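# Structural description and commentary
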Amino acid sequence: AFQDTKLSSQRVIMATHFDRTKPLAGLPPKEVLEIYKPQISNKLELEAALTLIKTSFEDKLKANVNLTRVSAPMFLAKSSGFNDNLNGIERPATFAPRDFEDVKLEVPFSLAKWKRWALHYYEVPAGQGIVTDFRGLRCDDDVDFTHSLYVDQFDWEKHITTEDRNEEYLKDTVKKIYSALYETEKELAAKFGVEPCLPEEITFVSSDVGNEEYPDATAKEREDIYCKKHKAVFYMGIGGKKADGSLRHDGRAPDYDDWITNRSCGGTGLNGDILVWNPLLNQSFEISSMGIRVNPEILLKQLDLCGDNDRKELVWHQMLLDGTLPQTIGGGIGQSRLCQFMLRCAHIGEVQHGWWNPEEVEILKNHNCKLLGLGEW
């Protein structure tokens, strides 16, 4: 169902299964826990499988999309405006250096803005890109069986030309990323015996069409409908509002992806989410959020639509507006999400070290669902 999230007096409606009004809302579905049996029970074998998934996928991603791995920051200065704003309301984990108490440093949510600057910094030519092994914190994320406070993802960004800012280029890039997913699952199956379930090709669905075909469904219900039918979907057009003022389909910050440009198919937005059907959880499962990024013209329009014109004065925004930063496409691919899906785990805590509701942890232990490391304490 839609979830109302209130932070700092702001409100956003998000596509999620999580409902904090229900007791023990972070647990996997009851019917899953009743029959759950991990694919790999040996801890060291599990770590070997996690390593295979991450290294194999990263290698294939770099080859398919033409990316080079680079180092990534653990924190950014708030004054730079380089932190990703996600839906625009989340609180960053913030601290000050001991001897500089008026300086605010933030643990990034993602590296959406930093990566674009990094392409300029590394002087990456058009047609090439970068990828990082990103680690971050999201204090306001739901803590449930698919979300955690800790974020690990392959954060990537690619330098493109002005002519590449179109639906066809977006789709071509999605297909290359999906090919890396598909081939990694086959490799995992061959070595660890986990039965593959991904189709050979991904299906493209417009959120505008979804709203027309299923006007009474929630955003998450629409994702479930299309994913159950096609097994792997790129849901295009995330962010922006419908005529009645409600979100078209989930939220996006105004200085992130381009969610207002018209596409040839009749929809709007040059972005989307890669979703797969999770056969264990029996629901759609997001693997990646990505898109063609805003250019100066689109940035100004989206900032105005969101009432965030004050951001134009920040360093990063000035660099984009004056043409210093290149045109790009980019996204984040969740490492733990990827591993949870490919290993058919009931809870994301089985593949990453984290913190979870202690009451829920006890229930998970009694249903053969062992969380990694101190997460099960």
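Report follows, based on the coordinates.

Definitions and limits used
- Residues numbered from 1 in each chain as written.
- Predicted model: local features only at pLDDT ≥ 70, side-chain atom pairs only at ≥ 80, totals over all residues.
- Heavy atoms only, no water.
- Pairing = 2+ DSSP bridges.
- Helix = DSSP H or I, 4+ residues; strand = E, 2+ residues; numbered from the N terminus.
- Axes fitted to C-alpha atoms, helices over the stretch in contact; angles between N-to-C directions.
- Contact = heavy atoms within 4.5 Å.
- Phe/Tyr/Trp six-rings, centres within 6.5 Å; stacked < 30°, edge-to-face > 60°.
- Lys NZ or Arg CZ within 6 Å of the ring centre and 35° of its normal.
- Buried < 20%, exposed > 50% of the residue type's maximum accessible area, 1.4 Å probe, protein only.
- Polar contact = N/O pair within 3.5 Å; in protein donor to acceptor, adjacent residues only side chain to side chain.
- 1 Å grid on protein atoms, 1.4 Å probe; cavity = no way out; pocket = protein on both sides within 12 Å on 5 of 7 lines; lining within 4 Å.
- Points joined across faces, edges and corners; volume = space filled by probe spheres on them.
- Nonpolar A, V, L, I, M, F, W, Y, C, P; charged D, E, K, R; others polar.
- Arc of directions from axis to C-beta.
- Salt bridge = Lys/Arg side-chain N within 4 Å of Asp/Glu carboxyl O.

### A short note on the sheet that holds strand β10 (residues 232–236)
Reading across the sheet, the eight strands line up as β3-β7-β8-β13-β12-β11-β10-β9 and stay open at both edges, with mixed pairing between neighbours. Of all strands in the sheet, those bounded by a partner on one side alone are β3 (67–69) and β9 (203–206). In this sheet, neighbouring strand axes are inclined to one another by 30 degrees on average, regardless of whether the strands run parallel or antiparallel. Pairing analysis gives seven bridges linking strand β8 (residues 150–159) to strand β13 (residues 328–334), with the strands arranged antiparallel. Across the sheet, Lys158 pairs through a bridge with Ile329, a residue of β13. Where helix α4 (residues 167–192) meets the sheet, its contacts fall on β8, β9, β10, β11 (271–278), β12 (283–292) and β13, and the angle it forms with β12 comes to roughly 130 degrees.

### Some points on the sheet that holds strand β4 (residues 76–77)
The strands making up a sheet associate through backbone hydrogen bonding, with each pair oriented either parallel or antiparallel. One open sheet accounts for three strands, arranged β4-β6-β5; its pairing is antiparallel. Unpaired on one side and paired on the other, β4 and β5 (93–95) mark the two borders of the sheet. In this sheet, strand β6 (residues 105–107) lies alongside β5 in antiparallel orientation, the contact comprising three bridges. For Thr94, the partnering residue across the bridge sits in β6 and is Glu106.

### Some points on the packing of aromatic side chains
Tallied over the entire structure, the rule returns ten aromatic pairs. The rings of Phe82, Trp114, Trp117, Tyr121 and Tyr122 are connected pair by pair, giving a single aromatic cluster. A cation sits over an aromatic face here: Lys113 above Trp316, 5.8 Å from the ring centre.

### Thoughts on the environment of Asn66
Among the structural elements, Asn66 can be located in the loop between α2 (43–65) and β3. The class for Asn66 is partly exposed, based on a relative accessible area of 38%. For the pair Asn66 and Lys158, spaced 92 residues apart in sequence, the C-alpha to C-alpha distance is 8.2 Å. A polar atom in the side chain of Asn66 sits 3.0 Å from the backbone oxygen of Gly127.

### Details of empty space enclosed by the protein
Summed over the entire model, instances satisfying the criterion amount to two cavities of 30 Å³ or more. Computed from the structure, the second largest cavity encloses a volume of approximately 50 Å³. Here the lining of the second largest cavity takes three residues from helix α3 (residues 112–121), the largest share from any one element. The class makeup of the residues in the lining of the second largest cavity is four nonpolar, one polar and five charged.

### Remarks on the pairing of β13
Burial runs high along β13: seven of the seven residues are buried. The side-chain alternation of β13 yields two buried faces, one formed by Thr328, Gly330, Gly332 and Gly334 and the other by Ile329, Gly331 and Ile333. Of the pairings in the sheet, the one linking β12 to β13 comprises five bridges and is antiparallel in character. Bridge pairing in β13 places Met290 opposite Gly331.

### Notes on helix α7 (residues 296–306)
Think of an α-helix as 3.6 residues a turn; residues three or four steps apart then line up on the same face. For α7, the set of buried residues is Ile298, Leu299, Gln302 and Leu303. Projection of α7 onto a plane perpendicular to its axis shows the buried side chains occupying an angular sector of 130 degrees, all on one side. Along α7, the residues that are exposed and aim more than 90 degrees away from the buried face are Asp304 and Leu305. Buried residues belonging to α7 abut α8 (315–321).

### As for unusual backbone geometry
A positive phi is found at Glu123, a non-glycine position, where the angle reads about 55 degrees. Assignment of secondary structure puts Glu123 in the loop between α3 and β7 (129–137). Residue Arg344 is not a glycine yet carries a positive backbone phi of 55 degrees. Among the structural elements, Arg344 can be located in the loop between α9 (335–342) and α10 (358–365). Looking at Arg344, the relative accessible area reads 7%, which means it is buried.

### Topic: α10
Turning to α10, its buried residues are Glu360, Val361 and Leu364. With its buried residues spanning 105 degrees around the axis, α10 presents them on a single face. In this fold, the buried residues of α10 make contact with α1 (30–35). Two to three positions downstream of the cap, the backbone nitrogen of Glu359 sits 2.9 Å from a side-chain oxygen, assigning the N-cap of α10 to Asn357.

### Details of the pattern of salt bridges
For the structure shown, the criterion picks out 27 salt bridges. A salt bridge links Glu183 to Lys186; the shortest N-O distance between them is 3.6 Å. Pair noted here: Glu183 and Lys186 are both in helix α4, with a separation of three residues, about one helical turn. Classification of Glu183 by relative accessible area gives partly exposed; the value is 31%. Exposure remark for Lys186: the relative accessible area of 40% places this residue in the partly exposed category. If you follow the salt bridges from partner to partner, you end up with Lys115, Asp155, Glu157, Arg252, Asp257, Asp273 and Arg293 in one network.

Coordinates in, geometry out; function isn't part of it.
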